[in-house]
Amino acid sequence: GLRADGFDDALRELYARSRELYPEGFPAEETTTLERLYAHTSFAFVDALRKAVAAQLAIPPAWMPMDLFQAYGCGPIAGHDDRFRFPGVYFVIVVAHSGRLGVVDRTSRARRHDAGEILLLDPYRKHALVPEGRTAREHPYERTHGLVTDPESQFVFLDFDVRRPLLRSRFRL
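Residues numbered from 1 in each chain as written. Predicted model: local features only at pLDDT ≥ 70, side-chain atom pairs only at ≥ 80, totals over all residues. Heavy atoms only, no water.

Undergrad: How would you summarise the overall build of the protein chain if you had to cite specific residues and measurements?
TA: Per the secondary structure count, the protein chain includes three helices and ten strands. Sequence-ordered secondary structure for the protein chain, helices as α and strands as β, is α-β-β-α-β-β-β-β-β-β-β-β-α. For the protein chain, the C-alpha radius of gyration of 15 Å lies close to 16 Å, the compact-globule estimate for 173 residues. Its C-alpha atoms give the protein chain principal-axis dimensions of about 40 × 40 × 25 Å. Long-range pairs, those at least 24 residues apart, make up 79% of the contacts in the protein chain with a sequence separation of at least 6. For the protein chain, the accessible area works out to roughly 8800 Å², and carbon and sulfur atoms hold 51% of it. With 24 positive and 24 negative side-chain charges, the protein chain shows a separation of 6 Å between the mean positions of the two kinds. (Helix = DSSP H or I, 4+ residues; strand = E, 2+ residues; numbered from the N terminus. Rg over C-alpha atoms; globule rule 2.2 N^0.38 Å. Contact = heavy atoms within 4.5 Å. Areas by Shrake-Rupley, 256 points an atom, 1.4 Å probe, with all protein chains shown as cover. Lys, Arg positive; Asp, Glu negative; His and termini not counted. Charge placed at Lys NZ, Arg CZ, Asp CG, Glu CD.)

Structure, rendered in structure tokens:
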């Protein structure tokens, strides 16, 4: 339920810009780094967002180093984990656009996310990005990894990787 307040307009603009820069869409079943978007994302914006997110999470901004910031786009993604691709970190995600998609674990049902919503995600645990109302199990794997152009099926997010020891207590049961 935490949000990065005051960034709604900027996040909507980033999503609109990402659609201009990637008219071919974003892949289903994988995330793609939106490298072309970085030229349109100021250091001041990223730093202000980082500080706002850190304040909401009651952690030092230094835990979210600027050099670990990334912008990603994707379509729906079936259940998976990212343990081997992203060892040693947790994800602190700020949603820029979710369409009608929601992040779920093995048991939850998807709900769309608002722009500015903050998600803490453990890449070592199974998760999925599926259409609203579905569970990870109800979402079929899209074998072609085709490009998704429908805004309702696109997900764009900003990510700050945080070293696991720093946030481990937030993820303990």
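Undergrad: Outline the nonpolar core, supporting the account with residue identities and numerical values.
TA: Grouped together as the largest cluster of nonpolar side chains are 31 residues, with contacts concentrated most on Leu11, Phe45, Leu49, Val53, Met64, Val92 and Leu158. Sorting the residues of this core by element identifies helix H1 (8–21), helix H2 (43–57), strand E3 (69–74), strand E5 (89–97), strand E10 (155–163) and helix H3 (164–171) as the ones contributing at least two each. The element that contributes the greatest number of residues to this core is H2, accounting for six residues. Sequence-distant contacts of Val53, defined by excluding residues within four places in its chain, comprise Ala4, Met64, Val92, Val94 and Ile118. Tyr72, Phe86, Leu129 and Phe155 belong to the second-largest nonpolar core, a separate cluster that totals 14 residues. (Core = buried A, V, L, I, M, F, W, Y, C linked by side-chain atoms within 4.5 Å. Buried < 20%, exposed > 50% of the residue type's maximum accessible area, 1.4 Å probe, protein only.)

Undergrad: Run through the sheet that holds strand E4 (residues 77–80), naming residues and quoting values.
TA: Taken in spatial order, the three strands line up as E4-E8-E6 in an open sheet, and their pairing is antiparallel. At either margin of the open sheet sits one strand with a lone partner, and together these are E4 and strand E6 (101–104). The average undirected angle you get between the axes of adjacent strands in this sheet is 25 degrees. Of the pairings in the sheet, the one linking E6 to strand E8 (residues 127–131) comprises four bridges and is antiparallel in character. Bridge pairing in E8 places Gly102 opposite Val130. (Pairing = 2+ DSSP bridges. Axes fitted to C-alpha atoms, helices over the stretch in contact; angles between N-to-C directions.)

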